[in-house]
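Okay, here's what each chain looks like letter by letter:
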Number of protein chains: 2
Amino acid sequence: MFDTAATTASLLRQAPVFRDLDSSALDGLTAIAEQRDVPEGTILCQQGVPADQLLVLLRGQVALENASVSGVSAVVDVIAPGGHFMLSTVLSGLPSLMSARAVTPVRLIGIAASGLRDLLPREPSLAAALLRAEALDFGAMVRQVCDLKLRTTAQRLGSYLLTLSDKTADNSVALRLPFDKRLLAARLGCRQENLSRAFAALRDLGVETHGARVILHDIARLRDYALPDQVPAATI
Amino acid sequence: MFDTAATTASLLRQAPVFRDLDSSALDGLTAIAEQRDVPEGTILCQQGVPADQLLVLLRGQVALENASVSGVSAVVDVIAPGGHFMLSTVLSGLPSLMSARAVTPVRLIGIAASGLRDLLPREPSLAAALLRAEALDFGAMVRQVCDLKLRTTAQRLGSYLLTLSDKTADNSVALRLPFDKRLLAARLGCRQENLSRAFAALRDLGVETHGARVILHDIARLRDYALPDQVPAATI
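Residues numbered from 1 in each chain as written. Chains lettered and ligands numbered in written order. Predicted model: local features only at pLDDT ≥ 70, side-chain atom pairs only at ≥ 80, totals over all residues. Heavy atoms only, no water.

A. Structural detail: the overall build of chain A. When helices and strands are counted, chain A shows 9 helices and 11 strands. Over its C-alpha trace chain A gives a radius of gyration of 19 Å, about what one expects of a compact globule, namely 18 Å for 236 residues. Viewed in the frame of its principal axes, chain A has a C-alpha envelope of about 55 × 45 × 30 Å. Here chain A holds 236 residues, and the buried ones make up 54% of them. Summed over all atoms, the accessible surface of chain A reaches about 10,100 Å², with 50% contributed by carbon and sulfur. The average position of the 24 basic charges and that of the 24 acidic charges among the side chains of chain A differ by 5 Å. (Helix = DSSP H or I, 4+ residues; strand = E, 2+ residues; numbered from the N terminus. Rg over C-alpha atoms; globule rule 2.2 N^0.38 Å. Buried < 20%, exposed > 50% of the residue type's maximum accessible area, 1.4 Å probe, protein only. Areas by Shrake-Rupley, 256 points an atom, 1.4 Å probe, with all protein chains shown as cover. Lys, Arg positive; Asp, Glu negative; His and termini not counted. Charge placed at Lys NZ, Arg CZ, Asp CG, Glu CD.)

B. Representation of the sheet that holds strand β9 (residues 173–176) of chain B. Residues and elements named next belong to chain B. Strand order in the open sheet formed by 3 strands is β9-β11-β10, with antiparallel pairing between adjacent strands. Either end of the sheet is taken by a strand with one partner, and the two such strands are β9 and β10 (207–210). Across the sheet, the mean angle from the axis of one strand to that of its neighbour is 20°, orientation sign disregarded. Bridge analysis of β9 against strand β11 (residues 213–216) gives 4 bridges, and the strand direction is antiparallel. Note on β11: the bridge partner recorded for L175 is V214. (Pairing = 2+ DSSP bridges. Axes fitted to C-alpha atoms, helices over the stretch in contact; angles between N-to-C directions.)

C. Representation of the relation of the copies chain A and chain B within the structure. Superposition record for chain A on chain B: RMSD 0.0 Å, screw rotation 180°, translation along axis 0.0 Å. With respect to symmetry, the two chain copies, as superposed, fit the operation of a two-fold axis. Residue F138 of chain A of chain A places its C-alpha closer to the rotation axis than any other residue of that unit, at 2.5 Å. Most of the interface of chain A is mirrored in chain B, where 100% of its interface residues again form contacts. (Least-squares fit on C-alpha atoms with pLDDT ≥ 70 in both. Contact = heavy atoms within 4.5 Å.)

D. Structural view of the packing of aromatic side chains. Residues and elements named next belong to chain B. Scanning all chains against the criterion turns up 2 aromatic pairs over all chains. With a centroid separation of 6.3 Å and an interplanar angle of 40°, the aromatic rings of Y160 and F179 are classed as tilted. Placement of Y160 in helix α6 (residues 153–164) and of F179 in the loop between β9 and α7 (181–188) is noted, with a sequence separation of 19 residues between them. Each member of the pair, Y160 together with F179, is buried. Over the face of the ring belonging to F199 we find K181, whose NZ or CZ atom lies 4.8 Å from the ring centre. (Phe/Tyr/Trp six-rings, centres within 6.5 Å; stacked < 30°, edge-to-face > 60°. Lys NZ or Arg CZ within 6 Å of the ring centre and 35° of its normal.)

E. Spotlight on helix α9 (residues 219–226) of chain A. All names here are of chain A. The set of residues buried in α9 consists of I219, L222 and A226. One side of α9 holds all its buried residues, which, seen down the axis, span an arc of 60°. Following α9 by one or two positions, L227 adopts a phi angle in the positive range, close to 50°. (Arc of directions from axis to C-beta.)

F. The interface of chain A and chain B, seen in detail. Taken together, the contacts link 54 residues of chain A with 54 residues of chain B. Together chain A and chain B conceal approximately 4,500 Å² of surface at their shared face, both sides included; 77% is due to carbon and sulfur atoms. Connecting chain A to chain B are 0 salt bridges. The interface formed by chain A and chain B holds 10 residue pairs in polar contact (both at pLDDT 80 or more) in total. (Buried area = accessible area lost by both parts, 1.4 Å probe. Salt bridge = Lys/Arg side-chain N within 4 Å of Asp/Glu carboxyl O. Polar contact = N/O pair within 3.5 Å; in protein donor to acceptor, adjacent residues only side chain to side chain.)

G. Focus on the packing of α6 of chain B against helix α8 (residues 192–203) of chain B. Residue and element names in this part refer to chain B. Viewed as axis vectors pointing N to C, α6 and α8 meet at an angle of 70°, and their least axial separation amounts to 9 Å. Viewed along their axes, α6 and α8 adopt a mutual orientation that is roughly perpendicular. Along the contact surface, α6 presents T153, A154, L157, G158 and L161, while α8 presents N194, L195, A198, F199, A201 and L202. For the contact of α6 with α8, the class distribution of residues is 8 nonpolar, 3 polar and no charged. (Parallel < 35°, antiparallel > 145°, perpendicular 65-115°, else oblique. Nonpolar A, V, L, I, M, F, W, Y, C, P; charged D, E, K, R; others polar.)

H. Spatial organisation of the sheet that holds strand β9 (residues 173–176) of chain A. Residue and element names in this part refer to chain A. If you trace the 3 strands from one edge of the open sheet to the other, you get β9-β11-β10, paired in antiparallel fashion. Of all strands in the sheet, those bounded by a partner on one side alone are β9 and β10 (207–210). Within this sheet the neighbouring strands show an average axis-to-axis angle of 20°, counted without direction. Running over the sheet, helix α6 (residues 153–164) touches β9, β10 and β11 (213–216) and is turned about 100° from β9.

I. Representation of the nonpolar core within the structure. Residues F18 and F85 of chain A together with F18 and F85 of chain B are the most contacted members of the largest nonpolar core, which totals 106 residues. Here F18 of chain B is in contact with L12, R13, L29, L54, V56, I111, L126 and L130 of chain B, once residues within four sequence places are set aside. (Core = buried A, V, L, I, M, F, W, Y, C linked by side-chain atoms within 4.5 Å.)

Functional significance is not addressed by these values, which are geometric in nature.
Below, the structure is given as structure tokens:
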């Protein structure tokens, strides 16, 4: 997605969250932004602590995780290139509910939290961009809450596979899971053995799997079963 | 919570979301706000449609619901007096994922969405208040996602009862469920029969119920079982 040889300013401009900034706001952001690379496994932000940077992912994957008292972790979301994270804790200054962990080697841009908060009152286009980004982030969580309250694990898996295939107009598609099955199970909110059972349940609906490769043979039928949200993605 | 004979300006000031507004922003809001009463059952905003007002609840209860294609509804949240709703759809201008339904007779303040969006670039204290409110709303949804991914129904019920009792320093407390068990089951994301089973499972942990009255005889023990989030409520 990103030409990582580009300048920080042009990389920021390519991130959906900053697409509509005016040039003064973009200059202000660039002055407090830095690119960096981190190895797989790095904890980028810690649960229970306010984040000191807003992070924009250029390359790799980042898992947002919440560890319970018992030590079990929920994967709240997995961020893909172009996505941002830690926005809500940066804007509120409050401790984060989630840790951010690099699932792969990662390249990202960090924007200083205090500098960002100083910029906001002077840059209405930045405030507007972040108000909108927060609204979309909220919508993504509402979708998950509905998914978890309304759907079985197999339906959630089906809905997830359908989101990976939503660019195709055909009734069948071959695709690749973007991350491993352990992480997929955690993201869907089930144990690994339940994920295997869910894949088995979807086999009768034309879902064929070979490791990370998945073929959906009958998208219409899978849609009838999984009942994914009919509201378009740009809905909160 | 609210003295509903007060002026709209002073009622707005009492709502947590607008607590830190400067007087110019408060005047601007008051000019586009109106109080109204609606009967139980009123649909205040419709799923799939952008909301035309940001709503602040003065009295009663409002359920935020998402209906799936199959017609089954998830209760995403139940708003209590002092709370606001429809913020994300008002700020983004995008269709709402949720309907808002008055569960009881309701008194509220409606703030015109377009007027609010016009005010934002001129009123940095309003933008700051809404950026923070969105961050807290996001955090509430993240908490629910974690709850649904990590905890059993009985643990979720236990955690919920503990939030109702969080003002007490004692190890036991008598409390009243703020809404009926049908709505409570939907809010927790389970069927009514599972809620009954969850109450039964908690009986051995000192949770006694008589209709809407609930006595927690051993808060410490319930906490050990339900493992509620240890991060304080003012955490996102």
